[in-house]
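Below are the chains, spelled out letter by letter.
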Amino acid sequence: MQTVAVLSLKGGVGKTTVVLGLASAAMRRGVRTLVVDLDPQCNATAALEPEKTAKGLTDVLAEPSPEVLRAAVTGSSWGDQVDVLVGSEDAENLNGHTDGDHLSRLDDALSELDDLIAEGELPYQLVLLDCPPSLGRLTRSALVAADRALLVTEPTIFAVSGVQRAFEAVQAERTTNPDLQPLGVVVNRVRPRSHEHQYRIDELRDIFGPLVMPVALPDRLAVQQAQGACMPIHQWGTPGAREVALAFNLILARTLRASRTRRPVPEDEDLAEEVE
């Protein structure tokens with residue numbers, strides 16, 4: 001099971017868009033995925049339209065037991081390949097608690113998930129942690145629990161600053177979680193003809209080198225349309241949606257290739273094939 005924290009320390013750059021796009025690409029490839037909605041705005045939960053649950057994120061962080069975990073995880077409207085650990089609007093109240101015990105609760109819960117997978121109960125191959133845009137308990141808990149950190153930014157000056165701070169947070173958290181590694185930097189909402197956007201992308205490559213994903217996510221209205229309709233981007237069907245879906249296929253390839261498991265991963269060329 002590969003666990004990926006998706007984060008930035010600037011709001012509005014598209015972290016949830018990246019989580020949903022990766023879940024859509026994974027679903028298309030038959031990779032069973034769990035989305036963990038750590039953002040108190042609960043946008044990922046809303047877009048996935050999960051079934052009603054008796055528990056949510058705050059319950060799991062209060063008591064990371066198998067029983068509570070089962071009650072907080074449910075199916076999404078997308079299909080049986082994508083499930084959700086539903087978000088909680090009151091999770092924002094937890095952000096002030098950052099001691100070691102509190103920070104390990106999510107990791108404890110995902111360890112229980114590992115046990116359930118071993119029993120054949122919840123066979124997830126990919127877990128995506130949708131982090132809030134702040135370095136409080138929720139984001140730090142994700143970094144303690146994750147194998148990889150995927151940083152999201154836009155090609156603007158303030159977003160570049162935010163992703164730098166997020167990278168520093170990842171490096172600092174490795175003292176607690178030495179297995180944590182940066183997976184890469186995804187540049188979102190790129191307009192290819194914008195000189196400012198190209199300047200910021202070049203700046204990111206100067207800062208992060210090969211960590212910057214070779215494929216960027218284009219700025220397309222189809223992303224908002226698919227999210228508004230609570231549909232995977234791979235099923236939206238417009239030319240803009242197909243372009244974005246292709247980019248997510250390639251980002252998924254890099255994500256799966258970084259997995260510490262021995263599960264065979266399709267080649268990039270296969271993952272990058274056109275969406276029907």
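Quick note: structure is the one above.
Summarised in this report is the structure supplied together with it. Note that the structure is a prediction, hence the values are computed from the model and not measured.

**Concerning the overall build of the protein**
(1) Moving on: Looking only at helices and strands, one finds 12 helices and seven strands in the protein.
(2) Moving on: Counting every position in the protein, which comprises 276 residues, the buried fraction comes to 55%.
(3) Moving on: Look at the contacts in the protein between residues 6 or more apart in sequence, and 78% of them connect residues 24 or more apart.
(4) Moving on: Carbon and sulfur atoms provide 48% of the accessible area of the protein, an area that totals close to 11,600 Å².

**A closer look at the nonpolar core**
(1) Moving on: By size, the foremost hydrophobic cluster in this structure holds 45 residues, and its most contacted members are L7, L85, L106 and L129.
(2) Moving on: By residue number, the principal contributor to this core is helix α6 (residues 105-118), which donates five residues.
(3) Moving on: If we ignore the near neighbours within four places in the chain, the residues touching L7 are K15, C131, T139, L143, A149, L150, L151, V152, A166 and V170.
(4) Moving on: In this structure, V13, A26, V35 and L256 belong to the second largest nonpolar core, which totals 43 residues.

**Focus: the packing of helix α1 (residues 15-28) against helix α11 (residues 239-257)**
(1) Moving on: Across the interface, α1 lies against α11 with an axial gap of 9 Å and an inter-helix angle of 85 degrees. Of the possible angle classes, the one that applies to α1 and α11 is roughly perpendicular. Residues T17, V18, G21, L22, A25, A26 and R28 of α1 touch α11, and the partners they reach there are F248, N249, I251, L252 and T255.
(2) Moving on: When grouped by side-chain class, the residues that make up the contact of α1 with α11 number seven nonpolar, four polar and one charged.

**Examining helix α9 (residues 195-208)**
It helps to recall that an α-helix has 3.6 residues per turn; residues three or four apart then point in one direction.
(1) Moving on: Over its 14 residues, α9 extends 20 Å from the first C-alpha to the last, a length consistent with the 20 Å expected when each residue adds 1.5 Å.
(2) Moving on: Taken together, the buried positions of α9 are H197, R200, I201, L204 and F208. One side of α9 carries all its buried residues, which in axial view fall inside an arc of 100 degrees. In α9, the exposed positions that point more than 90 degrees away from the buried face belong to H195, Y199 and D206.
(3) Moving on: In this structure, the buried residues of α9 make contact with β6 (148-153), α8 (157-173) and β7 (181-187).

**What about the sheet that holds strand β3 (residues 73-76)?**
(1) Moving on: Read across the open sheet, the seven strands follow the order β3-β4-β2-β5-β1-β6-β7; overall the sheet is mixed. Looking at which strands have only one partner, the edges of the open sheet turn out to be β3 and β7. When strand polarity is set aside, the average angle formed by the axes of neighbouring strands in this sheet is 25 degrees.
(2) Moving on: In terms of strand pairing, strand β1 (residues 2-7) meets strand β5 (residues 126-130) through five bridges, oriented parallel. Within the sheet, the bridge partner assigned to V4 lies in β5 and is L128.

**Brief notes about the side chain of T74**
(1) Moving on: The residue T74 is located in strand β3 in this model.
(2) Moving on: Owing to a relative accessible area of 9%, T74 belongs among the buried residues under this scheme.
(3) Moving on: In this structure the side chain of T74 is engaged in a polar contact, spanning 3.2 Å, whose partner is the side chain of E51.

**As for the packing of aromatic side chains**
(1) Moving on: Evaluated as defined, the whole model comprises one aromatic pair.
(2) Moving on: Plain terms: the ring middles of F167 and F208 are 5.4 Å apart, the flat faces sit at 75 degrees to each other, and that makes the pair edge-to-face. Pair noted here: F167 is in helix α8 and F208 is in helix α9, with a separation of 41 residues, a long-range link.
(3) Moving on: Judged by relative accessible area, F167 falls into the partly exposed class, the value being 21%.

**What to know about the pairing of strand β4 (residues 79-85)**
(1) Moving on: Inspection of the sheet shows strand β2 (residues 33-37) paired to β4 by four bridges, in the parallel sense. The partner of L34 across the bridge, within β4, is D83.
(2) Moving on: Bridge count for β3 against β4 is four bridges, and the pairing is antiparallel. Looking at β4, one finds that S76 is bridged to G79.
(3) Moving on: Hairpin remark: β3 followed by β4, antiparallel, with two residues in the connecting loop.

Conventions used here
- Residues numbered from 1 in each chain as written.
- Predicted model: local features only at pLDDT ≥ 70, side-chain atom pairs only at ≥ 80, totals over all residues.
- Heavy atoms only, no water.
- Helix = DSSP H or I, 4+ residues; strand = E, 2+ residues; numbered from the N terminus.
- Buried < 20%, exposed > 50% of the residue type's maximum accessible area, 1.4 Å probe, protein only.
- Contact = heavy atoms within 4.5 Å.
- Areas by Shrake-Rupley, 256 points an atom, 1.4 Å probe, with all protein chains shown as cover.
- Core = buried A, V, L, I, M, F, W, Y, C linked by side-chain atoms within 4.5 Å.
- Axes fitted to C-alpha atoms, helices over the stretch in contact; angles between N-to-C directions.
- Parallel < 35°, antiparallel > 145°, perpendicular 65-115°, else oblique.
- Nonpolar A, V, L, I, M, F, W, Y, C, P; charged D, E, K, R; others polar.
- Expected span 1.5 Å × (residues − 1).
- Arc of directions from axis to C-beta.
- Pairing = 2+ DSSP bridges.
- Polar contact = N/O pair within 3.5 Å; in protein donor to acceptor, adjacent residues only side chain to side chain.
- Phe/Tyr/Trp six-rings, centres within 6.5 Å; stacked < 30°, edge-to-face > 60°.

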